[in-house]
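Observations on chain architecture
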Amino acid sequence: MQNKTVMKKALKAAFPYTIPIFAGFWFLGMTYGIYMNVSGFSFWYPMLMSLTIFGGSLEFVAVAMLLSPFAPVQTLIMALMIQARHLFYGISMLEKFKGTGWKKPYLIFGMCDESFSINYSAEIPEDVDKGWFMFFVTLLNQFYWFSGSTIGGLLGSLITFNTEGLDFVMTSMFVVIFLEQWLKEKKHYTALVGVLASAACLLLFGADSFMLPTMACILCFLTVLRKPVEKAGGLL
Amino acid sequence: MTLTQEIITVALCVLGTMATRFLPFLIFSPKHPTPKYVQYLGKALPSAIFGMLVVYCLKNVSFLTGSHGLPELISITAVVVLHLWKRQMLLSIAGGTICYMLLVQLVF
């Protein structure tokens, strides 16, 4: 009984945070499902892949991989490269995931860009269980992605409605989270490092291969700037 | 590709993803104190990551051709202004998205 109230409270607190993700994931998930459908795959593919991989950009790339000749080594390298940014999420969540018990493996499994961003930045009320809150954020997000992908895979190109630009909901969300983080900080060294390093690497390396150089740059700068950042109290 | 090859391909995508998600937790177990440098990174990284994710969302925007990234710039400005004004996450996100949809569907 006690447990039920705790869960209910956490779900109630978590749900509003996931509403933008619902819009974004349904749109992107359906796009992904439709893409698989018109590429000749049955709905089982997007359905199972959305459940097991649960990482948007890689799933789109995986469609092209499935249509190409079998290349296991290349597939694994590609997956590691596209998903490398999760290493940073893990390092940032080491403390926050402590003490979440049996939920921890699932929280790590479902740590996509969006779940990480919410779970890291949300101000969870004192009386809400943090573990359950993060669990529901992750579960709801995965459910949105899974259901969107499956529906897209089932309906295929039957869906025609003018949703052009709806994917901007993800950009808006990351802008808001970035801004919230910015407003909380006293100094903005690390935020600036992130924006400038990615923008510079994007210009230098292009849209398809700028993430790894960006991560390397961010690590270098944060390491070199450690003393000034810590001294200036630029950390939360 | 045969069905087995397809299953292996998807499994490798899962493996690659889970390796990047689980690795930090496997290396730094809660039983041992996390090195100071990693603790510092855990605190310093998120702001940089959120900046990186904003740029990541905009990676395919062309500033030299087409609409020159104007719909994106205008809508991001709308998000920031709305958010500084009302400080309501959902309102800022919805406002920015609607603004962008109107711009790309009707104006540009």
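Residues numbered from 1 in each chain as written. Chains lettered and ligands numbered in written order. Predicted model: local features only at pLDDT ≥ 70, side-chain atom pairs only at ≥ 80, totals over all residues.

**Here we look at the overall build of chain A**
Note the threshold: Where helices and strands are cited, they refer to DSSP runs of H or I of at least four residues and of E of at least two residues respectively, numbered from the N terminus. Two things to know: the radius of gyration comes from C-alpha atoms, and the globule rule equals 2.2 Å times the number of residues to the power 0.38. C-beta atoms are placed from the backbone for every residue, and two residues are taken to be in contact when these atoms lie within 7 Å.
Assigned secondary structure in chain A consists of twelve helices and zero strands. Traced from its N-terminal end to its C-terminal end, chain A shows the element sequence α-α-α-α-α-α-α-α-α-α-α-α. Rg of the C-alpha trace for chain A: 19 Å, near the compact-globule value of 18 Å for 236 residues, within the 12% margin. Taken over the C-alpha atoms alone, chain A extends approximately 55 × 55 × 35 Å along its principal axes. For chain A, long-range pairs separated by at least 24 residues make up 78% of all intrachain contacts whose partners lie at least 6 apart in sequence.

**Examining the overall build of chain B**
The condition is simple: The burial label depends on the number of other C-beta atoms within 10 Å of a residue's C-beta. Counts of 20 or more mean buried, 12 or fewer mean exposed, and intermediate counts mean partly exposed, with C-beta atoms placed from the backbone.
Of the regular secondary structure elements, chain B holds four helices and zero strands. Counted from the first residue to the last, chain B has its helices and strands arranged as α-α-α-α. Taking 2.2 N^0.38 as the reference for a compact globule, 108 residues should give roughly 13 Å; the C-alpha atoms of chain B span a radius of gyration of 21 Å, well beyond that estimate. When each of the 108 residues of chain B is scored for burial, the buried share is 40%. In chain B, 35% of the contacts between residues at least 6 apart in sequence involve partners at least 24 apart.

**Quick look at the interface of chain A and chain B**
Test applied: All amino acids are sorted into three groups, where Ala, Val, Leu, Ile, Met, Phe, Trp, Tyr, Cys and Pro are nonpolar, Asp, Glu, Lys and Arg are charged, and the leftover types, Gly among them, are polar.
At the junction of the two partners, chain A supplies 69 residues and chain B supplies 60 residues. Counting residues per element, the side of chain A that touches chain B draws most heavily on helix H9 (residues 168-184) of chain A, at 13 residues. The residue makeup of the side of chain A that touches chain B, split by class, is 45 nonpolar, 17 polar and seven charged.

**Here we look at helix H2 (residues 44-52) of chain A**
Residues of H2(A) that are buried include every one of Tyr45(A), Pro46(A), Met47(A), Met49(A) and Ser50(A), and no others. Phe54(A) sits one or two residues past H2(A) and shows a positive phi near 45 degrees.

**Quick word on helix H11 (residues 211-224) of chain A**
Residue and element names in this part refer to chain A. This is how the line gets drawn: Here a helix's expected span is defined as the number of its residues, less one, multiplied by 1.5 Å. The arc in question is traced by the directions running from the helix axis to the C-beta atoms.
The first and last C-alpha atoms of H11 sit 20 Å apart over 14 residues, in line with the 20 Å expected at 1.5 Å per residue. Every buried residue of H11 is accounted for by Met211, Thr214, Met215, Cys217, Ile218, Phe221 and Leu222. For H11, the angular spread of buried residues about the axis comes to 160 degrees, placing them on one side. Along H11, the residues that are exposed and aim more than 90 degrees away from the buried face are Cys220, Thr223 and Val224.

**Comments concerning the domain arrangement of chain B**
Counted only if it meets this: Each domain span listed reflects an automatic or database assignment of domains.
For chain B, the domain assignment lists domain 1 (1-57) and domain 2 (60-108). One C-alpha centre belongs to domain 1 of chain B, the other to domain 2 of chain B; they are set 30 Å apart.

**Some details on the environment of Gln39(B)**
Residues and elements named next belong to chain B. Assignment of secondary structure puts Gln39 in helix H2 (residues 36-57). By the C-beta count within 10 Å, which is 15 here, Gln39 ends up partly exposed. For the pair Gln39 and Pro71, spaced 32 residues apart in the sequence, the C-alpha separation amounts to 39 Å.

**Observations concerning the domain arrangement of chain A**
Annotation of chain A at the domain level lists domain 1 (2-165) and domain 2 (185-236). A separation of 26 Å is found between the C-alpha centroids of domain 1 of chain A and domain 2 of chain A.

**Quick look at unusual backbone geometry**
All names here are of chain B. Even without glycine at this site, His68 takes up a positive phi of about 55 degrees. Of note in the backbone geometry, Arg87 takes a positive phi value of approximately 55 degrees without being a glycine. Tracing the backbone shows Arg87 in the loop between helix H3 (70-86) and helix H4 (89-107).

**Section: the nonpolar core**
Note that soluble globular proteins tend to have their nonpolar side chains buried in a common cluster. Our working definition: Note on definitions: a nonpolar core is a set of buried residues drawn from Ala, Val, Leu, Ile, Met, Phe, Trp, Tyr and Cys, linked by C-beta atoms within 7 Å.
By size, the foremost hydrophobic cluster in this structure holds 95 residues, and its most contacted members are Phe174(A), Ile218(A), Ala48(B) and Val54(B). Here the element with the most residues in this core is helix H1 (residues 2-38) of chain A; it accounts for 13 residues. Every residue in contact with Val54(B), bar those within four places of it in the chain, is listed here: Phe174(A), Val175(A) and Phe178(A).

**Overview of the environment of Pro30(B)**
By the secondary structure assignment, Pro30(B) is in the loop between helix H1 (3-27) and H2. Separated by 47 residues in the primary sequence, Pro30(B) and Thr77(B) have C-alpha atoms spaced 42 Å apart.

**Notes on the confidence of the model for chain A**
Defined as follows: Per residue, pLDDT measures the predictor's confidence, with a range of 0 to 100.
Of all residues in chain A, 95% have pLDDT values of 70 or greater, and the mean over the chain is 89. Helix H12 (residues 226-231) of chain A is the least confidently modelled element of chain A, averaging 85 in pLDDT, while helix H6 (residues 103-109) of chain A averages 96, the highest of any element.

**A short note on the packing of helix H10 (residues 189-205) of chain A against H2(B)**
Selection criterion: Every angle, taken between N-to-C directions, lies between 0 and 180 degrees, and every axis is a line fitted to C-alpha atoms, over only the stretch in contact when it is a helix. Working rule for handedness: look at the near helix, and if it is turned counterclockwise from the far one by less than a right angle, call the crossing left-handed; if clockwise, right-handed.
Put simply, H10(A) and H2(B) touch, their axes get as near as 7 Å, and they point 35 degrees apart. Seen from above, H10(A) lies across H2(B) with right-handed handedness. Residues Thr190(A), Ala191(A), Val193(A), Gly194(A), Val195(A), Ser198(A), Ala199(A) and Leu202(A) of H10(A) form the contact with H2(B), whose participating residues are Ala44(B), Ser47(B), Ala48(B), Ile49(B), Phe50(B), Gly51(B), Met52(B), Val55(B) and Tyr56(B).

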